Amino acid sequence: MTVDHVVVRPGELALKGRNRKGFEDCLLRNLRAVLRPLGVERVERRWGRFYVGPVNDARRIAAAAARVFGVVHTSPALRCANEPAALSAAAAETVRRWLAARPGTGDVPFKVRVKRADKAYPEPSMDCARRLGGELQAAFPRLVARLDAPELLLECEVREEGSFVFVERLEGPGGLPVGSEGKVLCLLSGGIDSPVAAWLMMKRGCRVELVHFDAQPFTGPGSLEKVRALARVLDGWQGDTRLWVVPFAPVQVATKDLPQPGYRTVLYRRFMTRIAERLAGRRRCQALVTGDSLGQVASQTLENLAAVEGARGRLPLLRPLLTFDKVETIRLAERVGTYEVSIRPFEDCCTLFQPDHPVTRGKAEVAARLEAMVDVDALVEAGLAAAREEDVARVALG
């Protein structure tokens, strides 16, 4: 018996038909990149599964693999030959380990589930499950059979490449492997929404670069440090993340005395969109991404969203949170790991110089007429020229 493997199960890649191999190749590269720092030298790919092992710390490696997009579940497992006696020994050893970690004398409701993908194995799935259940009850008197909501669920996958016995499934994010659907640029603030929007685009296979519009000296350095921390969390989901910081104070100074101050936030967002699109072109990104949620704040009404899009050129502007309410977004932020960072106090550049009565039904033509009073092209060029790339790993850990 070879102990301590990890079973990695991809999700919707199985639905990709003739394109399946390309998606699996991408997932294989991403798994290797994530697991290599943990000492994993080889990831085995078979039909519908990836395997890692033998390894010394299967639980740790399973947890790391469960953070890779395209993975729906991982399991630390014992691997054995496709023989009834070998399967019995692996099942007994797995249960022995499980019970040893939970000392006591009380009954443990349990169930055995067998999935026989290798039809050359001599026992049908149900017969094998019943046999293993009986053997385990005889060997471990604490076990009590229960088909509904057992405390211990022992699973056995019998496949051509071997049998795998496990008691745990770690949930992965699902989706598509990062890099399988191109690259996008996400406008990242210090709030709750935009980091979640970036994560959702990663889930759909996009490599995400980040751009933050920095309002210093009107904000303190803590605002930028918070964004760096958010970028670091997101980097843990895709790796090799690029964070761009664009000084935004010149735009705020140039527009603060324009008439109709209610349009100020709309104007800010139009400038951000222009600068971000130019940066996206330089970085060969195929779309812009924002954390907009329809009707959540005054700047996110349909009219204001349309007024902002009026400043966009040819790139698509994607809003993965458009229909989410705040509770849904917060739940996702907690799962992603950005929520605790996002709720730290910070000053957003769009809230600075905020008028008492921001426009809620803005019009692109009015915004354009106001912009004609400043040198839009010069401000965009200056912002683009001042954009700087930051080392996400270094600045967030410093």
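Look a little higher up for the structure.
This section reports on the structure supplied with the text. (Residues numbered from 1 in each chain as written. Predicted model: local features only at pLDDT ≥ 70, side-chain atom pairs only at ≥ 80, totals over all residues. Heavy atoms only, no water.)

### Focus on the overall build of the chain
When helices and strands are counted, the chain shows 14 helices and 15 strands. Viewed in the frame of its principal axes, the chain has a C-alpha envelope of about 85 × 45 × 40 Å. Contacts in the chain between residues at least 24 apart in sequence constitute 81% of all its contacts with a sequence separation of at least 6. As displayed, the chain has an accessible area near 18200 Å², and 52% of this comes from carbon and sulfur atoms. The positive charge centre, built from 59 side chains, and the negative charge centre, built from 49, are 3 Å apart in the chain. (Helix = DSSP H or I, 4+ residues; strand = E, 2+ residues; numbered from the N terminus. Contact = heavy atoms within 4.5 Å. Areas by Shrake-Rupley, 256 points an atom, 1.4 Å probe, with all protein chains shown as cover. Lys, Arg positive; Asp, Glu negative; His and termini not counted. Charge placed at Lys NZ, Arg CZ, Asp CG, Glu CD.)

### Focus on a nonpolar patch on the surface
Taken together, the side chains of Leu294, Leu302 and Leu322 make up a nonpolar region of the molecular surface, amounting to roughly 260 Å² of accessible area. Its location among the elements puts Leu294 in the loop between strand 13 (288–289) and helix 9 (302–309). You can call Leu294 partly exposed: its relative accessible area is 40%. (Patch = residues over 30% accessible without salt bridge, like charges linked within 9 Å, V, L, I, M, F, W, Y side chains within 5 Å. Salt bridge = Lys/Arg side-chain N within 4 Å of Asp/Glu carboxyl O. Buried < 20%, exposed > 50% of the residue type's maximum accessible area, 1.4 Å probe, protein only.)

### What to know about the side chain of Arg20
Turning to its location among the elements, Arg20 is positioned in helix 1 (residues 20–35). Not counting chain neighbours up to four residues away, the residues in contact with Arg20 comprise Leu13, Ala14, Trp47 and Gly48.

### Side note on the environment of Pro54
Position of Pro54 relative to the elements: it lies in the loop between strand 3 (49–52) and helix 2 (58–65). Pro54 sits 24 residues away from Leu78 along the chain, and the two C-alpha atoms are 9.3 Å apart.

### Considerations on the sheet that holds strand 11 (residues 207–214)
An order of 14-13-10-11-12-15 is seen for the six strands of this open sheet, with the pairing classed as mixed. One side of each edge strand has no neighbouring strand; the edge strands of this open sheet are strand 14 (317–318) and strand 15 (388–391). Taken together, the two bridges between strand 13 and strand 14 define a ladder with parallel strand orientation. Bridging from a neighbouring strand, Leu288 pairs with Leu317 of strand 14. (Pairing = 2+ DSSP bridges.)

### Some remarks on the environment of Glu135
Locating Glu135 in the fold gives a position in helix 4 (residues 125–139). Put simply, Glu135 and Arg18 are 117 residues apart on the chain and 44 Å apart in space, counted from C-alpha to C-alpha. Within the structure, the side chain of Glu135 is placed 3.0 Å from the side chain of Arg131, a separation counted as a polar contact. (Polar contact = N/O pair within 3.5 Å; in protein donor to acceptor, adjacent residues only side chain to side chain.)

### Observations regarding the packing of helix 8 (residues 264–282) against helix 9
Helix-helix packing is characterised by the crossing angle of the two axes and by the distance between the axes. As a packed pair, helix 8 and helix 9 sit with axes 8 Å apart at the nearest point and diverge in direction by 40°. In this view, helix 8 runs oblique relative to helix 9, as classed from their interaxial angle. For the element pair helix 8 and helix 9, the recorded crossing hand is right-handed. Contacts from Val266, Arg269, Arg270 and Thr273 in helix 8 reach Asn304, Leu305, Ala307 and Val308 in helix 9. Residues of the contact of helix 8 with helix 9, tallied by class, amount to four nonpolar, two polar and two charged. (Axes fitted to C-alpha atoms, helices over the stretch in contact; angles between N-to-C directions. Parallel < 35°, antiparallel > 145°, perpendicular 65-115°, else oblique. Left-handed = near helix turned anticlockwise from the far one by under 90°. Nonpolar A, V, L, I, M, F, W, Y, C, P; charged D, E, K, R; others polar.)

### Quick look at the packing of helix 5 (residues 193–203) against helix 10 (residues 326–336)
Closest axis-to-axis distance for the helix 5/helix 10 pair is 9 Å, and the angle between their directions is 70°. The orientation of helix 5 with respect to helix 10, classified from their angle, is roughly perpendicular. Note that helix 5 runs across helix 10; the crossing there is left-handed. On the side of helix 5, the interface is formed by Asp193, Val196, Trp199 and Leu200, while helix 10 contributes Lys326, Thr329, Leu332, Ala333, Arg335 and Val336.

### Some details on the pairing of strand 10 (residues 183–187)
Extensive coverage of strand 10 is indicated by the burial of five of its five residues. Because side chains alternate across strand 10, one face comprises the buried residues Lys183, Leu185 and Leu187, and the other comprises Val184 and Cys186, equally buried. Pairing geometry for strand 10 and strand 11, over five bridges, is parallel. By the bridge assignment, Leu185 is partnered in strand 11 with Glu209. You can see the chain leave strand 10, run along helix 5 and come back into strand 11, and the turn it takes is right-handed. Here two bridges tie strand 10 to strand 13, and the two strands are oriented parallel to one another. Counted as the bridge partner of Leu185 is Leu288 from strand 13. (Right-handed = clockwise from strand over helix to strand, strands pointing away.)

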